[in-house]
Amino acid sequence: MKEQTLHAAEAGSPPGGLREGVRRAFLRHEWLRAYTLVSPTLILLIVAMAAPIGVLVGLSLWTQSGMEFDRTLTLANYETFFGKKIYPLVLWRSIQISALVAFATVLLAYPLAYFIAFHVQRHKMVWLILITLPFWTSYLLRVFAWKLILGYNGVVNSGLTTLGLIEQPLEFILYNVTAVVITLAHAWAAFAILPIYVSLEKIDRSLIDAAHDLGEGPVMTFLRVTLPLSMPGVIAATLLVFIPTVGDYVTPKLVGGTTGIMIGNLIQSAFGRGANWPMGAAIAVISMLMVTLAVCVFLGGVKGLKKLLA
Amino acid sequence: MPDEAFISILDVSKHFGPVKAVDRVSINIAQGEFFALLGPSGCGKTTLLRMLAGFEAPTLGEIYIDDQPTASMPPYQRPVNMVFQNYAIFPHLNVYQNIAFGLRKEKLSRSDLDARVNEALALIKLEGYGTRGANELSGGQRQRVALARALIKRPKVLLLDEPLGALDKKLREQMQIELRQLQKSVGITFVFVTHDQEEALTMSDRIAVMSEGHVLEIGSPEGLYERPRTRFVADFIGTMNFFEGRVRAREGGKIAVDAERVGEVQVPADDYDFNAGDTVVVALRPENIRMRPGRPDLTANMAHGTMSNAAYLGDRAHIYVQTEGSEQPILVAMQNLDGAASSATHGERSVALQWSEQAVLLLRPE
Amino acid sequence: MNVRVSRAKMGWLGLYAATYLTFIYLPVLLLPVFSFNDAIYVAFPIKGFTLKWWEEMVAHEGMLQSLRNSLKVGVAVSIISTVFGVLAAKAFTRYRMPGSRALTGFFSIPLVIPLIILGIALLTVLTTVGVSLSLYTIMLGHVVICVPFAMFIMISRLEGFDQSVEEAAQDLGETPWMTFWRVTFPLALPGIMASMLLTFTISFDEFLLAFFLAGDQLTLPIYIWGQLRFPKKLPSVLALGSAILLATTILVTVAMMFVRRKGD
């Protein structure tokens, strides 16, 4: 009896047929169970993310002729992109704006995250909620609110007028790059604070005690222990702000004016009323590549910096 | 396969990528046996236990429990239960609910369930603790709850993964005896994983010593302690002095060995098949060496040296004796009979060592 | 001496934190202010107090319809992405699987992809295949961006308790299915709640993606986007925004009190 089952198993035809065979395979192979569990997500992301982006790349190689697509493969859209000055210029400006936003957001968020992680003793949760609460209001309305602050009759202008510092409301504070940067830095603050806070909170407090014990003062301890250990959070925060903001088209449209236009606006109009989808796809593909390149440069820089300090 | 084999592990291997955590292991365990898997961490003993429980599938080979092949048996269908290393008490359930967890399928009436759980609580001497939360238990109590939770299922085999590892020394020694008594009274086969050789010696009927995925030896505690067949086992179980040597002659029912540090060693020849010229390892337990002051003439099975160091352990003393021309001392254990150990550690520094032929073990070099 | 230093530091940092909070809250608090302002144009100076924008909001069928749509999408997205996230997190935390690092990387892409790109890519595929745009296409897009959030929350929750309790349940005779319901689910519940809350919020507020994927039925952000161009409708939009802020504040406070009580 025992021998029989052994032989059957060796022959590759388990007793009980296919169902039993599948059951045995599942018991035997962990990876089979694991992949079954991730398969819904995997299939979803392949079908609804990876494949569409592939299609987008394909689309960028077509051209628009009237209402129809011309399906001959060509790099015409890419030639247009680099042929006209406006496209590279706007893309470069978008990357600069997003980089500036990411830098400012992280820089402003770090002391706050540090404060909550190290100085708030009992009500950390309250602080975290206080910080996230404003982000539960509509993104659009938050962006719009900056119009109210920076606008012609906005908070800043009425304040300054009331104080008698200016006669006429200032016009230059809205509809430009600065307004875009301030608005984005505000809108994405939580995405910077939370990862940095988490990485600071994780730091074993005895390491800081050890640094003090080994003779480092508070400043050097921060530079040599706390800051390096919180770098994963800083990097995550930078990327979480930088990459998504490059594609934002709402903020520039609401507060950017003509000088604050970003690449997202060009893509959006190509897919909207401008209706040149292949061109829009080409802009999107180039933007993706450039953003990826920028991220690589950033990560490479961080790595180099680490080596330099170590 | 012997008839009494209740658990048969047949040529079982488990590979994790390139690592062979368990490599071609075969063990038979009889019904009602208290069986220990002993070895240092990373030797594969826990992986083997988890294969018995069904949490890992063997890469090669087959495991039979009570004559049933287990390859297509998931953990929840196996007639085995496990006491986990950290006890795995369900943190969201109280003691009663933890113990009753596995009885859901038996669809007992409320009163039957109460009776079973109370019986189990009595067995582990935790009557009245049913409503305690999982987080209100001490380490020892958690261990008992884990035990009751497994035993209430009336398994054919109980698997225990370092069940005493998390307890302090006193409690551990007490639980060793209790576990042993419990196993005798319920009559269930226990398979027990430990890295603590003393624990394995105290509790088990038989021990399998494992190293790097292999089973080196299987035997009774006495057999493994007194007649180990490999240097690893001799070293891992108890303490042992080793001396490299070469067989000079085999004559007159004796084997004569020239060994480093201790000179000529004579052993009864019946037990070994070594011949003249073979290299061997001479093994000597510290407690089998007698020590006295002075510097007599040497015959076989004698050595002399100077005491270099002594560790006083209360009931006995460990004395390190340095022989001429060698860095490595010989360890001698001395019972502290009437303060003998403490006076010896303060006595003469030049000493003679002597042992009987029967105390000497010859092992194959590895 | 040391104490005094850290007090001083605490003072500066505390001051900074307060300033930061003002920066975060100032724009947001303008919304309720203007929702009560008795003027059509949303601009300073403030004219007087009125409730008419709130009344208009309550009576505004288009706005309420889009609110209902957003709730529908948000609830569906939070359930689907949390289920997906729980399954994937279970695989990553409980099994050895080849390629798990590459998979984690792949699954995190939606966290950082510019949404406009995902939006136009999905739009292109959907129109090519001939799927008409609807709330379902918005849901699809939102599940894609929410799954990684759900997954990472669940991973950290599942790592928070020892896998051996799940093994113990199976050892005691429970099938994987019942083990999930009797052990994993109750222990992972706080994570599941957090995941559902977060994914709901993301979906409820998401505009950049939904803008490309919406058909006739609008979600609230798309509706608001339309209203931003019509100053007359704006004050009642602000009223709605304030109402949502108020509702979430109450919800979060209650939830926190509940968590607190349970923690004690």
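Residues numbered from 1 in each chain as written. Chains lettered and ligands numbered in written order. Predicted model: local features only at pLDDT ≥ 70, side-chain atom pairs only at ≥ 80, totals over all residues.

Residue and element names in this part refer to chain B. As paired strands, strand β12 (residues 254–259) and strand β13 (residues 263–268) are joined by six bridges and run antiparallel to one another. Within β13, the position partnered with aspartate 258 by the bridge is glutamate 264. The antiparallel pairing of β12 with β13 creates a hairpin that spans three residues between the two strands, and arginine 261 there sits at a positive phi of about 70°. (Pairing = 2+ DSSP bridges. Helix = DSSP H or I, 4+ residues; strand = E, 2+ residues; numbered from the N terminus.)

This part takes up the sheet that holds strand β14 (residues 279–284) of chain B. Residue and element names in this part refer to chain B. Reading across the sheet, the five strands line up as β13-β12-β11-β14-β20 and stay open at both edges, with antiparallel pairing between neighbours. The open sheet is flanked by β13 and β20 (361–363), the only strands paired with a single partner. Averaged over all pairs of adjacent strands, the angle between strand axes in this sheet comes to 40°, irrespective of strand direction. With three bridges joining them, β14 and β20 adopt antiparallel strand pairing. Across the sheet, the residue bridging to alanine 283 is leucine 361, located in β20. (Axes fitted to C-alpha atoms, helices over the stretch in contact; angles between N-to-C directions.)

Next up on the list: the sheet that holds strand β10 (residues 214–219) of chain B. Hydrogen bonds between backbone groups are what pair the strands of a sheet, and the pairing can be parallel or antiparallel. All names here are of chain B. As summarised here, the arrangement of the six strands in space is β6-β7-β8-β3-β9-β10, forming an open sheet in which the pairing is mixed. Each having just a single partner strand, β6 (80–83) and β10 make up the two edges of the open sheet. Mean inter-strand twist for the sheet, computed between neighbouring axes without regard to direction, equals 20°. Sitting on the sheet, helix α4 (residues 139–151) touches β6 and β7 (157–161), and the angle it makes with β6 is about 175°. (Contact = placed C-beta atoms within 7 Å.)

What follows is about the nonpolar core. Of all hydrophobic cores here, the largest spans 153 residues; its most connected members are Ala109, Ala113, Ala192, Ile196, Ala237 and Ile283 of chain A together with Ile120 of chain C. Tallying contributions element by element places helix α6 (residues 135–159) of chain C first for this core, with 16 residues. The residues that make up this core include at least three from each of domain 1 (2–59) and domain 2 (84–309) of chain A. Excluding residues that lie within four positions of it along the chain, isoleucine 283 of chain A makes contacts with Phe81, Tyr87, Ile263, Leu266, Ile267 and Ala270 of chain A. Membership of the second largest hydrophobic core comes to 106 residues, among which are Phe34, Met82, Leu179 and Val215 of chain B. (Core = buried A, V, L, I, M, F, W, Y, C linked by C-beta atoms within 7 Å. Buried ≥ 20, exposed ≤ 12 C-beta atoms within 10 Å, placed from the backbone. Domains from an automatic or database assignment.)

A separate point is the environment of leucine 164 of chain B. Residue and element names in this part refer to chain B. With respect to the helices, strands and loops of the structure, leucine 164 is situated in the loop between β7 and α5 (169–186). Along the primary structure leucine 164 and leucine 363 are separated by 199 residues, whereas in three dimensions their C-alpha atoms are 33 Å apart. In this structure, leucine 164 is in contact with Arg172, Met175, Gln176 and Glu199, ignoring residues within four places of it in sequence.

Another aspect to go through is the confidence of the model for chain A. For chain A, the mean per-residue pLDDT works out to 85, and 94% of the residues sit at or above 70. pLDDT under 50 marks residues 1–14 of chain A. Its contacts with residues more than four places away, or in other chains, come to 14 contacts. (pLDDT = per-residue confidence, 0-100.)

Here we take up the confidence of the model for chain C. Residue and element names in this part refer to chain C. Per-residue confidence for chain C gives a mean pLDDT of 87, with 93% of residues at or over 70. Predicted confidence for residues 1–5 stays below pLDDT 50, and this span has zero contacts to residues more than four positions away or in other chains. ipTM for the predicted complex: 0.85, alongside a pTM of 0.83.

For any two helices packed against each other, one specifies the crossing angle of their axes together with the interaxial distance. All names here are of chain A. It is at 7 Å that the axes of helix α10 (residues 189–202) and helix α12 (residues 218–246) come closest, and there the two elements cross at 165°. One way to sum up the angle between α10 and α12 is to call them roughly antiparallel. For the pair α10 and α12, the crossing hand works out as right-handed. Contact with α10, carried on its side by Phe191, Ala192, Pro195, Ile196, Val198, Ser199 and Leu200, involves Ser230, Pro232, Gly233, Val234, Ala236, Ala237, Leu240 and Val241 of α12 and no other residues of that element. Split into classes, the residues belonging to the contact of α10 with α12 amount to 12 nonpolar, three polar and no charged. (Parallel < 35°, antiparallel > 145°, perpendicular 65-115°, else oblique. Left-handed = near helix turned anticlockwise from the far one by under 90°. Nonpolar A, V, L, I, M, F, W, Y, C, P; charged D, E, K, R; others polar.)

Residue and element names in this part refer to chain A. With respect to the secondary-structure elements, alanine 104 resides in helix α5 (residues 86–119). A residue is classified by how many C-beta atoms lie within 10 Å of it, and alanine 104, with 17 of them, is partly exposed. With 13 residues separating them along the chain, alanine 104 and alanine 117 place their C-alpha atoms 20 Å apart. Apart from residues lying up to four places away in sequence, alanine 104 is in contact with Val181 and Ala185.

What follows is about the interface of chain C and chain B. Each partner contributes residues to the interface: chain C has 16 residues there, and chain B has 17 residues. Within the residue set of the side of chain C that touches chain B, elements represented by two or more residues are α7 (164–171) and α8 (176–205) of chain C. Counting residues per element, the side of chain C that touches chain B draws most heavily on α7 of chain C, at seven residues. Classifying every residue of the side of chain C that touches chain B gives eight nonpolar, four polar and four charged.

Let's shift gears to the interface of chain C and chain A. Taken together, the contact pairs 66 residues of chain C with 67 residues of chain A. Counting only elements with at least two residues in the side of chain C that touches chain A, the list comes to α1 (2–35), α3 (61–94), α4 (100–112), α5 (115–129), α6, α8, α10 (220–227) and α11 (234–263) of chain C. Looking at the side of chain C that touches chain A element by element, the count peaks at 14 residues for α1 of chain C. Taken together, the residues of the side of chain C that touches chain A break down into 56 nonpolar, seven polar and three charged.

Moving on to unusual backbone geometry. If a residue is not glycine, its phi is most likely negative; likewise, a peptide bond is most likely trans. All names here are of chain B. Even without glycine at this site, alanine 88 takes up a positive phi of about 50°. Tracing the sequence through the fold places alanine 88 in the loop between β6 and α2 (95–100). Overall, alanine 88 belongs to the buried group, with 26 C-beta atoms counted inside 10 Å.

The domains assigned to chain A are domain 1 (2–59) and domain 2 (84–309). Between domain 1 of chain A and domain 2 of chain A, the C-alpha centre-to-centre distance is 43 Å.

A few words on the pairing of β7 of chain B. Residues and elements named next belong to chain B. Across the five residues of β7, five count as buried, placing the element largely inside the fold. Taking every second residue as pointing to the same face, both faces of β7 are buried, with Val157, Leu159 and Asp161 on one and Leu158 and Leu160 on the other. The pairing of β6 with β7 spans four bridges and is classified as parallel. Of the residues in β7, the one forming a bridge with valine 80 is valine 157. Bridging between β7 and strand β8 (residues 189–194) involves five bridges; their strand directions are parallel. Note that in β8 the partner of leucine 158 across the bridge is phenylalanine 190. Traced from β7 through α5 to β8, the parallel crossover comes out right-handed. (Right-handed = clockwise from strand over helix to strand, strands pointing away.)

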